[in-house]
Amino acid sequence: MKSKKMITGKIVSAALIFALSASLTACGSNTENNTDKSNTESSEDAGASSTDTEDVDINISDKEKEFSTDDMKITLNEDFSTDKLDNFDMYVSSNYCIGLFLKETKDEVTAADGSLSSLDDYVNNIMTKSQIQADVSEYNENTRFFSWDKEINDTTYKYAAYASERGDSYYLVQFVTTVPAFDKLKDTFNKFYDSFEAN
């Protein structure tokens, strides 16, 4: 069976054209730019060139809220709401970031891309197919962390990705925000991820 999700690069970017501009109203995103899908290809090919260091005021709720599917759950907060987004098992958004959640069984990955012998192979496969250049670190024994910038319609976004191997499946959790907001949110992203569980 062909995997529906190992096409992360262009699918994610096309989705973010509307999802990010609609969601990230408090983090310095430029929502006045044209977000028509016809601009997707040129946006994907553009380099991440933003050096914006403007101060960003982010108010993060301390009221926890759990989000779940049949396959996973995570504790975020009441700032978030959930919606459907093609090619993702779960999609959540707030006014300062969005969250994207994927599960792929090892059989799905093998059918789509050949056998991958390790979590590191899985991460490298994602990065190659999505044309991502990033340093990968060991977040914990079963999780790899990597982050990168991507420019979409003149705004540069920061992706924080956590890839893990759990049982017979791989999971990919991504949080996306604007570059100016990332430094204020990275500890929050780690806290969110630490609550992630595979069902």
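Residues numbered from 1 in each chain as written. Predicted model: local features only at pLDDT ≥ 70, side-chain atom pairs only at ≥ 80, totals over all residues. Heavy atoms only, no water.

Caption draft 1: Looking closely at the environment of Glu165. Relative to the elements of secondary structure, Glu165 occurs in strand 8 (residues 155-166). The exposure class assigned to Glu165 is partly exposed, which follows from its relative accessible area of 27%. Sequence-wise, Glu165 and Glu104 are 61 residues apart; in three dimensions their C-alpha atoms are separated by 9.8 Å. Those residues in contact with Glu165 that sit more than four places away from it in its chain are Lys106, Leu119, Asn142 and Tyr170. Within the structure, Glu165 has its side chain in polar contact with the side chain of Lys106 (distance 2.5 Å). (Helix = DSSP H or I, 4+ residues; strand = E, 2+ residues; numbered from the N terminus. Buried < 20%, exposed > 50% of the residue type's maximum accessible area, 1.4 Å probe, protein only. Contact = heavy atoms within 4.5 Å. Polar contact = N/O pair within 3.5 Å; in protein donor to acceptor, adjacent residues only side chain to side chain.)

Caption draft 2: Seen up close, the packing of aromatic side chains. One pass over the full model with this rule turns up 17 aromatic pairs. Residues Tyr162 and Phe175 carry aromatic rings whose centres are separated by 6.2 Å and whose planes lie at 80° to one another, so their mutual orientation is edge-to-face. Taken together, the positions of Tyr162 in strand 8 and Phe175 in strand 9 (residues 169-178) put the pair 13 residues apart, joining distant regions of the chain. Overall, the relative accessible area of 0% leaves Phe175 in the buried class. A cation over an aromatic ring shows up here: Lys106 above the ring of Tyr170, its NZ or CZ 5.6 Å from the ring centre. Across from the ring centre of Phe182, 5.4 Å away, lies the NZ or CZ of Lys158, which sits over that ring. (Phe/Tyr/Trp six-rings, centres within 6.5 Å; stacked < 30°, edge-to-face > 60°. Lys NZ or Arg CZ within 6 Å of the ring centre and 35° of its normal.)

Caption draft 3: Structural view of the pairing of strand 9. Of all ten residues that make up strand 9, ten are buried, and the element is covered over most of its length. Sheet analysis places strand 5 (residues 98-105) next to strand 9, joined by eight bridges and oriented antiparallel. Following the sheet pairing, Leu102 is matched in strand 9 by Leu172. One ladder, built from ten bridges, connects strand 8 with strand 9; its direction is antiparallel. Counterpart to Ala160 in the pairing with strand 9 is Phe175. (Pairing = 2+ DSSP bridges.)

Caption draft 4: The arrangement of the sheet that holds strand 5 in detail. With antiparallel pairing, the seven strands of this open sheet are ordered in space as 3-4-5-9-8-7-6. Two strands bound the open sheet, and with one partner strand each, they are strand 3 (81-83) and strand 6 (136-140). Neighbouring strand axes in the sheet, compared pairwise and without regard to direction, differ in orientation by 25° on average. As paired strands, strand 4 (residues 90-93) and strand 5 are joined by four bridges and run antiparallel to one another. Considered in strand 5, the bridge of Ser93 is made with Ile98. (Axes fitted to C-alpha atoms, helices over the stretch in contact; angles between N-to-C directions.)

Caption draft 5: Structural detail: helix 5 (residues 179-194). Under the 1.5 Å per step criterion, the end-to-end length of helix 5 is 22 Å for 16 residues, consistent within 8% with the ideal 22 Å. Residues Val179, Pro180, Ala181, Phe182, Leu185, Thr188, Phe189, Phe192 and Tyr193 constitute the buried set of helix 5. Buried residues in helix 5 make contact with strand 2 (72-77), strand 6, strand 7 (143-152), strand 8 and strand 9. (Expected span 1.5 Å × (residues − 1).)

Caption draft 6: Spatial organisation of the environment of Glu151. Note on placement: Glu151 falls in strand 7. The spacing of Glu151 and Thr178 is 27 residues in sequence and 9.8 Å in space, taken between C-alpha atoms.

Caption draft 7: Representation of the sheet that holds strand 1 (residues 64-68) in the model. If you trace the three strands from one edge of the open sheet to the other, you get 1-2-10, paired in antiparallel fashion. Each end of this open sheet is capped by a strand with a single partner; those strands are strand 1 and strand 10 (197-198). In the sheet, strand 1 pairs with strand 2 via five bridges, with the strands oriented antiparallel. Bridging across to strand 2, Ser68 finds its partner in Lys73.

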